[in-house]
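# Fold and geometry: a report
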Amino acid sequence: MTTEAIPLETAVEPLAPPSLRQRQWIQVLRVASRLTRTRIGLAIVTLMVLIAIFGPVVAPHSPTEFVALPNTGPSGHALFGADYIGRDIFSRFLYGGRTVIGLAVLTTALGVSLGVLVGLTAAYSSGIVDEVLMRICDVFLAFPQILFALLLVAALGPKLWLLVLAIAITHAPRVARVMRGAALQVVERDFVKAAEAVGEKRRRIVLGELLPNVTSPLLVEIGLRLTYSIGLVAALSFLGFGIQPPNADWGLMIFENRLSITVQPWGVLLPVLAIGVLTIGTNLVTDGIARAAIGLDRGSES
Amino acid sequence: MSSRTAKFIAKRLALGLLTLFLVSVVVFFATQALPANAAQAILGKTATPAALKALSAKLHLDESVFSQYWHWLTGIFHGSLGTSAATQQAVTHVLGSRLLNSAFLVLISAVIAIPLSIGLGVLMAMKRDKTADHTLSTSTLLVASLPEFVIAIALVLILSTSVFHVFPAVSLLGPGQHAWNKPSIVVLPALTLILAVTPYISRIMRGSMIEVLESDYVTMARLKGLSERAVIWRHAVPNAIVPAIQVSALQLAWMAGGVIVVEFVFDYPGTGTLLINSVTERDVPVVQAIALIIAAVYVVVNLLADLSTIMLTPRLRTAAR
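Residues numbered from 1 in each chain as written. Chains lettered and ligands numbered in written order. Predicted model: local features only at pLDDT ≥ 70, side-chain atom pairs only at ≥ 80, totals over all residues. Heavy atoms only, no water.

## Points about the overall build of chain B
Note the following rule: For helices the rule is a DSSP run of H or I covering at least 4 residues; for strands it is a run of E covering at least 2, with both sets numbered from the N terminus onward. Only protein chains enter the area calculation, which uses a 1.4 Å probe; residues under 20% of their type maximum are buried, those over 50% are exposed, and those in between are partly exposed. Whether two residues are in contact is decided by their heavy atoms, any of which lying within 4.5 Å being enough. In short, Shrake-Rupley with a 1.4 Å probe defines the accessible areas, and a residue's cover is counted only from the protein chains shown.
Regarding its fold elements, chain B presents 13 helices and zero strands. Overall, chain B shows an N-to-C arrangement of helices and strands of α-α-α-α-α-α-α-α-α-α-α-α-α. Classification of the 321 residues of chain B by burial places 45% in the buried group. Relative to all contacts within chain B whose residues are 6 or more apart in sequence, the contacts with residues 24 or more apart total 72%. Accessible surface computed for chain B: about 15700 Å², of which carbon and sulfur atoms make up 67%.

So, in structure tokens, the structure goes:
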């Protein structure tokens, strides 16, 4: 069902930058949206986002209210039982998605923007600027993302802005590498030369000419970084360095209830399921977009 | 080896050294130069001014950050990684057996995961578009989505609490004990790491294998009447394996960081658990040392991956700048 659409879409104006620049990402998304995996992924992500947004509205209890004895099993009063100090697990689950999703989106937005800026600047500048930027990226690539966050926490203590900064900074070189690679193929194209010839400013060329032509790898990067962000944000709260008690947060819930996992598994199971399902959803969408982007690439080559 | 290849390798080595040096700068300045008083963090809020001053002098905190960095860097070359703020023991002593335990965990996971993934990749490619391929492709995609701590906790829930009581959920080792003396504690952390890296390697192997199976020389080998087994294992796999080796190396490098959270979940007595505990205690010297070691492993493994790729790919060997 998707195969017939690919050549049709790309047959339109292959070398006309003004129309292509608005089209590339729309085209990719349109093709991706016809793939089953993208649709399933999108349905999952929508569901989880709805839970995160409207969960607190429908939650039967406040996330900090004591409703039963610690580690009580499920009952009519508390659907999934009570957590390690007697709060309603289901209500805390319903409240706990906002921070995970919110922080993941924020870190992705910051990290990808920085990465795009660095990657495109490197590709367009070439020479010494390119070399220096990429070597700096190499240095930050040497740090597993969680390690860099832990390094900053060790120095300054667990502060939320610090974690956001740490994740964004470590996303950036990974995004920059990909965007640089994609942009290098665009830099030599005619419309970039034409823009240079009429004396366009560097910033205008990078953002106005390069960026619109690398939107399909950009979409894939956004999806990938979002998936990793969810894992990182949740992991840092799970380690006790992210969202602090008494807030409700999926990562923090796992941290708090992991020692009573044998008597009351729901306190761990619900948030773990939520995080797992959410990352599966974002990754299915990402995989769909990646497939669509490759398909479009192949289509335009032939 | 041509002189161009030698030149490329020399350049790559020099860049690796430069990266390592800059990594040490980042590790040090991210922790030490930030506006936080290490002496205060170690001694607590109740410390007397005299005690603070004495400790500051001992840690060279009264000197400039650059001379502090110099003390730290030269210390490393003399085999000293500083003194743990929490235990007052040498960091090398605190790290000792934990480093071995982590290395053991990573190596055993890699030794199982790499051949397993390559086998799975070959299987998927041979059963392309059949049920086995679809099932494996989908399940590897799903598992690849999961953060490693989610896999770890799922294993705990399935294998050591509610469903089966097969493996211990937490590792209990006496002081000075090594993980290999008590294999049951290695099983779940290793299984987590294997599940985390296998999808990536097997999916790459599948793609590369499919490409090779469609190539002319595989058709040729079949036409010559070679047995299917000989075609697959003697002709196709050796040609399809280079990308899988590259990804394996990347995954090995990833595991250096991936163990951090996995060890914490199982309370495995390795560097990861030590790192988390040291971050909680704000034990900066230990954190610096572990960060430096993990980053160095990452740089070195990546370097080896690059070099082995050049060696394994004749085209790159000559085209290398």
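Additional details are given in the paragraphs that follow.
## Here we look at the overall build of chain A
Stated formally: A positive count includes Lys and Arg, and a negative count includes Asp and Glu. His and the chain ends are not counted in either. In this description, the location of a charge corresponds to atom NZ of lysine, CZ of arginine, CG of aspartate or CD of glutamate.
Helices and strands together make up the secondary structure of chain A, namely 13 helices and zero strands. Along chain A, helices and strands appear, N-terminal first, in the series α-α-α-α-α-α-α-α-α-α-α-α-α. Judged by the C-alpha coordinates and their principal axes, chain A covers about 75 × 50 × 25 Å. Buried positions account for 55% of the 302 residues belonging to chain A. For chain A, long-range pairs separated by at least 24 residues make up 72% of all intrachain contacts whose partners lie at least 6 apart in sequence. Of the roughly 12900 Å² of accessible surface on chain A, 67% is carried by carbon and sulfur atoms. Across chain A, the mean location of the 24 positive side-chain charges is 2 Å away from that of the 20 negative side-chain charges.

## Regarding the domain arrangement of chain B
Residues and elements named next belong to chain B. For the record, the criterion: Either an automatic procedure or a domain database provided the assignment from which the domain bounds are taken. The quantity reported as buried area is the accessible area (1.4 Å probe) lost by two parts once they are put together, taken as the sum for both. The term salt bridge refers to a side-chain nitrogen of Lys or Arg lying within 4 Å of a carboxyl oxygen of Asp or Glu.
Domain annotation of chain B identifies domain 1 (3–77) and domain 2 (91–319). Every contact between the two is made by 17 residues of domain 1 and, on the other side, 15 residues of domain 2. Taking both partners together, domain 1 and domain 2 bury about 1500 Å²; carbon and sulfur atoms supply 75% of that area. For domain 1, the biggest contributors to the area lost against domain 2 are Thr5, Arg12 and Leu20; these three give 29% of the whole. Inspection of the domain 1/domain 2 interface yields one salt bridge. Between Arg12 and Asp306 there is a salt bridge, with its nearest N and O atoms 2.7 Å apart.

## A closer look at the environment of Arg258 of chain A
Here Arg258 of chain A is to be found in the loop between helix 12 (250–257) and helix 13 (266–301). Here Arg258 of chain A falls in the partly exposed class, since its relative accessible area comes to 26%. With 62 residues separating them in the primary sequence, Arg258 of chain A and Glu196 of chain A have C-alpha atoms 59 Å apart. Here Arg258 of chain A is in contact with Phe238 and Val268 of chain A together with Phe264 and Val265 of chain B, once residues within four sequence places are set aside.

## Notes on the packing of aromatic side chains
Residues and elements named next belong to chain A. Note the cut-off: In this scheme Phe, Tyr and Trp rings, the latter by its six-membered ring, pair at centre separations within 6.5 Å, and the angle between planes marks the pair as stacked below 30 degrees, edge-to-face above 60, and tilted otherwise.
Throughout the structure, instances matching the rule amount to 14 aromatic pairs over all chains. With a centroid separation of 5.8 Å and an interplanar angle of 20°, the aromatic rings of Phe93 and Trp250 are classed as stacked. Pair noted here: Phe93 is in helix 4 (residues 89–95) and Trp250 is in helix 12, with a separation of 157 residues, a long-range link. Summarising the burial analysis for this pair, Phe93 and Trp250 share the class buried.

## Some points on the nonpolar core
Using the following cut-off: Think of a nonpolar core as a cluster: buried Ala, Val, Leu, Ile, Met, Phe, Trp, Tyr and Cys residues, connected wherever their side-chain atoms sit within 4.5 Å.
With 116 residues, the main nonpolar core has Leu150 of chain A together with Phe149 of chain B as its most contacted residues. In terms of residue count, the dominant contributor to this core is helix 12 (residues 284–312) of chain B (twelve residues). Both domain 1 (3–77) and domain 2 (91–319) of chain B contribute no fewer than three residues apiece to this core. Ignoring any residue separated from it by four or fewer positions in sequence, one finds Phe149 of chain B in contact with Gly231, Ala234, Ala235, Phe238, Ile254 and Ile275 of chain A together with Val261 and Val265 of chain B. By size, the runner-up hydrophobic cluster in this structure holds 19 residues, among which are Met179, Val187, Ala195 and Val214 of chain A.

## Side note on the interface of chain A and chain B
Applicable threshold: A 3.5 Å cut-off defines polar contacts: any pair of N or O atoms within that distance qualifies, except that in protein one atom must be a possible hydrogen donor and the other a possible acceptor, and neighbouring residues in sequence count only when both atoms are side-chain atoms. Lys, Arg, Asp and Glu make up the charged group, whereas Ala, Val, Leu, Ile, Met, Phe, Trp, Tyr, Cys and Pro make up the nonpolar group; the residues left over, Gly among them, are polar.
Opposite the 46 residues of chain A that make contact, chain B presents 42 residues. Counting the surface lost from both chain A and chain B, the interface buries some 3600 Å², and carbon and sulfur atoms represent 83% of this. Here chain A and chain B share five residue pairs in polar contact (both at pLDDT 80 or more) between them. Put simply, the parts of the chain that give the side of chain A that touches chain B at least two residues each are helix 6 (127–141), helix 7 (145–156), helix 11 (215–238), helix 12 and helix 13 of chain A. Here the side of chain A that touches chain B gets eleven residues from one element, more than from any other, and that element is helix 13 of chain A. Classifying every residue of the side of chain A that touches chain B by side-chain character gives 32 nonpolar, seven polar and seven charged.

## Notes on helix 10 (residues 228–266) of chain B
All names here are of chain B. The line we're drawing: In a helix, the anticipated span is given by 1.5 Å times the number of residues less one. Each residue is assigned a bend, namely the angle between axes fitted to the seven residues that terminate at it and the seven residues that start at it.
The first and last C-alpha atoms of helix 10 sit only 44 Å apart over 39 residues, clearly below the 57 Å expected at 1.5 Å per residue. Along its length, helix 10 reaches its greatest deviation from straightness, about 50°, at Val237, and the proline Pro238 lies no more than four positions downstream. The first or second residue beyond helix 10 is Asp267, which carries a positive phi of 50°.

## Comments concerning the pattern of salt bridges
Considering all chains together, one arrives at 18 salt bridges over all chains under this definition. Here Glu214 of chain B ties to Arg128 of chain B by a salt bridge, and the two come within 2.8 Å at their closest N and O atoms. Within this pair, whereas Glu214 of chain B is found in the loop between helix 8 (184–213) and helix 9 (216–223), its partner Arg128 of chain B is found in the loop between helix 5 (91–126) and helix 6 (131–145), the two being separated by 86 residues in sequence. Residues Arg222 of chain B and Glu228 of chain B are paired through a salt bridge, measuring 2.8 Å at the closest nitrogen-oxygen approach. Beyond isolated ion pairs, a larger network of salt bridges with shared partners links Asp83, Arg87, Arg92 and Glu256 of chain A.

## So, the side chain of Gln145 of chain A
All names here are of chain A. Looking at the element boundaries, Gln145 is found in helix 7. By relative accessible area, which is 10% here, Gln145 ends up buried. Not counting the four nearest positions on each side in its chain, Gln145 is found in contact with Ile167, Thr170, His171, Arg174 and Leu232.

## Here we look at the side chain of Gln24 of chain A
All names here are of chain A. Here Gln24 lies in helix 2 (residues 17–32). Among the polar contacts listed, one links the side chain of Gln24 to the backbone oxygen of Asn213, at a separation of 3.5 Å. Setting aside anything within four residues of it in sequence, one finds Gln24 in contact with Pro212, Asn213, Val214, Thr215 and Ser216.

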